[in-house]
Amino acid sequence: MSEQDTTVVPFPSSIHEASTATAASAPVAVEQPKQAVETVLTPTAAAAGTKAIDAKAGDKKRSSRLSEDKRFKIFSGSANRPLAEEIGKFLGVPVGETRLQRFSDGETHFQLIENVRGADVFLIQPTCRPVDQHLVELLIMMDALKRASAGRITVVVPYYGYARQDRKDRPRVAITSKLVADLLTTAGANRALFVDLHAAQIQGFFNIPVDHLFASPVLVGYFRDLKLPNLTVVSPDAGGVERARFFAQRLEVPLAIVDKRRTDINVTEVMNVIGDVRGRTCLILDDIIDTAGTLVKTAEALLEQGAEKVYACATHAVLSGPAVERIEASKLEEVVVTNTVPLSEEAQQLSKIKVLSIAGLLGRAIESIHMETSVSTLFN
């Protein structure tokens, strides 16, 4: 078997026809004429980790207990393979070997190469862009683990797609966040681990144990070391006040709030700033940067109110549509994000964007869950 944890091989003519370095003979092929198949190319750790900062955690040597525990296994989908490899390195455990392939029509085929019978399995897969593809991939992987008699399946979802559709804000709309929770549970998840859910009450959509981590310890540490003068933490909307207040308390700085009105999906109109920001260095704190429309308008409103400089940070750098262009053209000094979502090549080239790694945070949480110890200490 090759050193790479996920083996990606092309289909000759059938989904059952695959070759590996250690195979003595190829399996019997089932003929499928006229159907070409394209392979899934998972990203490499080097490509996505170019700008990542380890946040003083990833290089720590973990206890040898996990590396020697044959019942402890980590697997990853294709959504953010580099993050999974960072977590595995942090824990001293290699990412499990799998084979992920696709038919030419887009159907996913997944196979476990390792034995997982009775194992405590942690499956790492953010449901980032393309959201539906990565979500279905996650469901298929869980089904494979369940049918392979895994002892416990914990889904580690650094970014939970559909989290913003958590309530009926208009007539005749779906609560898709609840639907996804049901899908994950039905597919076989026994436990779930998330990072900075858009709304904390999403935990209640699950009928299984849920651990909800915050990226604040990593982000706070970075800005504390930066020692920005006259700093004020700013919440871009009323819904993020609790998150921003926690951040401001840790940095021991004032808090301001931007009152905004959302006129349509991905369209916002900033109304006014609540709090004194004149002559201050402002730090906008949010959980998600999607199209960056809210972020840029918030920065403009703060500068109009007399702010000296504006920084921004967020956990999930979705950066869809014109986000990168908007950030590049804005007056933001720096945008700090984590690696819950892999950056596009375009975003990686933008010097304003800095990436911090949460591999250590997730690694410690996974270790605590496996060892049955408290996860709450990670909130500090």
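Given the structure is predicted, the values throughout are model-derived calculations rather than measurements.

A. The packing of helix H3 (residues 81-91) against helix H11 (residues 359-371), seen in detail. One can describe the packing of H3 onto H11 by two numbers: an axis separation of 9 Å at closest approach and a directional angle of 60°. Taken together, the axes of H3 and H11 are oblique relative to one another. As for how H3 packs across H11, the hand of that crossing is right-handed. Counting all contacts with H3, which are made through Leu83, Glu86, Ile87, Phe90 and Leu91, the residues of H11 involved are Ala359, Gly360, Leu362, Gly363, Arg364, Ile366 and Glu367. Here the contact of H3 with H11 is built from residues that sort into seven nonpolar, two polar and three charged.

B. Spatial organisation of the pattern of salt bridges. Going through the model one piece at a time under the given rule, you end up with eleven salt bridges. Across the pair Glu85 and Arg81 runs a salt bridge, and its minimum N-O distance is 3.2 Å. Of this pair, Glu85 and Arg81 both sit in helix H3, four residues apart, which is roughly one turn of the helix. On the basis of relative accessibility, which here comes to 26%, the residue Glu85 falls in the partly exposed class. Arg81 gets classed as buried once you look at its relative accessible area, which sits at 1%. We note a salt bridge from Arg152 to Glu372, for which the minimum N-O separation is 3.5 Å. Pair noted here: Arg152 is in strand S7 (residues 152-157) and Glu372 is in the segment after H11, with a separation of 220 residues, a long-range link. Since its relative accessible area comes to 60%, Glu372 is described here as exposed. Three or more residues joined by partner-sharing salt bridges are found here, namely Asp120, Arg152 and Glu372.

C. Examining the packing of aromatic side chains more closely. This structure, assessed with the given rule, holds five aromatic pairs. The interplanar angle of 70° and the centroid separation of 5.1 Å between the aromatic rings of Tyr160 and Phe194 together place this pair among those described as edge-to-face. Taken as a pair, Tyr160 in the loop between S7 and helix H5 (176-187) and Phe194 in strand S8 (residues 191-195) lie far apart in primary sequence, 34 residues in all. Take Tyr160 and Phe194: they sit in the same class, and that class is buried. For the pair Phe194 and Phe206, a centre-to-centre distance of 5.3 Å together with 45° between the ring planes defines the contact as tilted. Separated by twelve residues along the polypeptide, Phe194 in strand S8 and Phe206 in the loop between S8 and strand S9 (210-213) bring together distant segments of the chain. Across the pair, exposure class does not vary: Phe194 and Phe206 are buried alike. Every member of this aromatic cluster is reached through a ring pair, and the members are Tyr160, Phe194 and Phe206.

D. Inspection of the nonpolar core at higher detail. Ranked by internal contacts, the top residues of the largest apolar core, which has 45 residues, are Ile87, Leu91, Leu213, Phe223, Phe247, Leu251 and Leu362. By residue number, the principal contributor to this core is H11, which donates six residues. Ranked by size, the runner-up nonpolar core spans 35 residues in total, among them Phe110, Met141, Ala181 and Ile202.

The rules we used
Residues numbered from 1 in each chain as written. Predicted model: local features only at pLDDT ≥ 70, side-chain atom pairs only at ≥ 80, totals over all residues. Heavy atoms only, no water. Axes fitted to C-alpha atoms, helices over the stretch in contact; angles between N-to-C directions. Helix = DSSP H or I, 4+ residues; strand = E, 2+ residues; numbered from the N terminus. Parallel < 35°, antiparallel > 145°, perpendicular 65-115°, else oblique. Left-handed = near helix turned anticlockwise from the far one by under 90°. Contact = heavy atoms within 4.5 Å. Nonpolar A, V, L, I, M, F, W, Y, C, P; charged D, E, K, R; others polar. Salt bridge = Lys/Arg side-chain N within 4 Å of Asp/Glu carboxyl O. Buried < 20%, exposed > 50% of the residue type's maximum accessible area, 1.4 Å probe, protein only. Phe/Tyr/Trp six-rings, centres within 6.5 Å; stacked < 30°, edge-to-face > 60°. Core = buried A, V, L, I, M, F, W, Y, C linked by side-chain atoms within 4.5 Å.

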